Each structure stands twice: as structure tokens, then as C-alpha cells.
Amino acid sequence: SSAASDVYKRQVIKVSIANIGSVKSYASATEYLNSLSVIENATLVEQSGTVATYSLTLIGTVDDLLNSIKLESKLRPVTDAYGQTVKGHSFYWSN
């Protein structure tokens, strides 16, 4: 069966999302991530203060994910003092 190899090809990445300070924002962020067509599954793996770390199973590439996030303003990439996106897939929840 090809199902196993399809699963094997899925890319899993971790993202950190800041400003998740309430049950409501956590629920909204989780719902938003799971609504993106490029994400097969989003699971919370760690919550530290107001930063939530999710494990995302992607259908497609990390670039596909970043492009779909850019279409809406709910998740903003965290940038450094020079306006460059910081490494490690860090975002700020702005809903």
C-alpha cells in the first residue's frame, strides 16, 4: 500500500507562537493552524508562559506554509532589530 510511504514523505516541523496567553487565543491559534490546507495536523507540544510550541505535519513544503501564513495577518513572523525574520519558525499571534 502507498499509504505508509505517503505518511513517510510528510514533513514535520516545530513552530513557536508568542502571545498565546489565554485558552481562547490557544483555541483560535490551533483552529487557525488546522484550517490551513498545507497543514495536515497541528499539535501543541509545549506551552511556556505565553509561547506555544506546535508540531506541524505539513502537506507540502515549509515555503508553502510560510506563503499561506503571509496571506493572512493572524501569524506574523518574529523579526530581529534589522527586520530580518529570525530562524526557527517563530511567530507572533495577532488575533
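Looking now at the packing of aromatic side chains. Summed over the entire model, instances satisfying the criterion amount to 2 aromatic pairs. Aromatic pair Tyr-26 and Tyr-54: ring centres 6.5 Å apart, planes at 15°, arrangement stacked. Taken together, the positions of Tyr-26 in helix H2 (residues 23-35) and Tyr-54 in strand E3 (residues 51-58) put the pair 28 residues apart, joining distant regions of the chain. A residue is classified by how much of its surface remains accessible, and Tyr-26, at 32% relative accessible area, is partly exposed. Measuring from centroid to centroid gives 5.8 Å for Tyr-32 and Trp-93, while their planes differ by 50°, and the two rings are tilted. On the criterion of sequence distance, the pair formed by Tyr-32 in helix H2 and Trp-93 in strand E5 (residues 90-93) is long-range, its members being 61 residues apart. For Tyr-32, a relative accessible area of 4% gives the class buried.

Moving on, we get to H2. Helix length check: H2, at 13 residues, gives a terminal C-alpha distance of 18 Å against a target of 18 Å (1.5 Å per residue), a fit within 8%. Residues Ser-25, Ala-29, Thr-30, Tyr-32 and Leu-33 constitute the buried set of H2. Taken end-on, H2 shows its buried residues confined to a sector of 160°, consistent with a single buried face. Turned more than 90 degrees off the buried face of H2, the exposed positions are Val-23, Lys-24, Glu-31 and Ser-35. Elements in contact with the buried residues of H2: strand E1 (11-18), strand E2 (39-48), E3, helix H3 (62-71), strand E4 (75-77) and E5.

The rules behind each value
- Every chain begins its residue count from 1, and numbering advances along the sequence as written.
- Side-chain atom pairs in this predicted model are given and counted only at pLDDT of 80 or more, local residue features only at pLDDT of at least 70, and totals for whole chains, interfaces and linings cover all residues.
- Hydrogens and waters are ignored; side-chain quantities use all the structure's heavy atoms.
- Centres within 6.5 Å make a pair out of two Phe, Tyr or Trp rings, where for Trp the six-membered ring is used; the pair is then stacked when the planes are under 30 degrees apart, edge-to-face when over 60, and tilted otherwise.
- Secondary structure follows DSSP: runs of H or I at least 4 residues long count as helices, runs of E at least 2 residues long count as strands, and numbering of each begins at the N terminus.
- Only protein chains enter the accessibility calculation, which uses a 1.4 Å probe. A residue is then buried if its area is under 20% of the maximum for its type, exposed if over 50%, and partly exposed in between.
- Helices are assigned an expected span. That span is 1.5 Å times one less than the residue count.
- Think of the arc as the fan of directions from the helix axis to the C-beta atoms.
- Whether two residues touch is decided by their heavy atoms; if any such pair falls within 4.5 Å, the residues are in contact.

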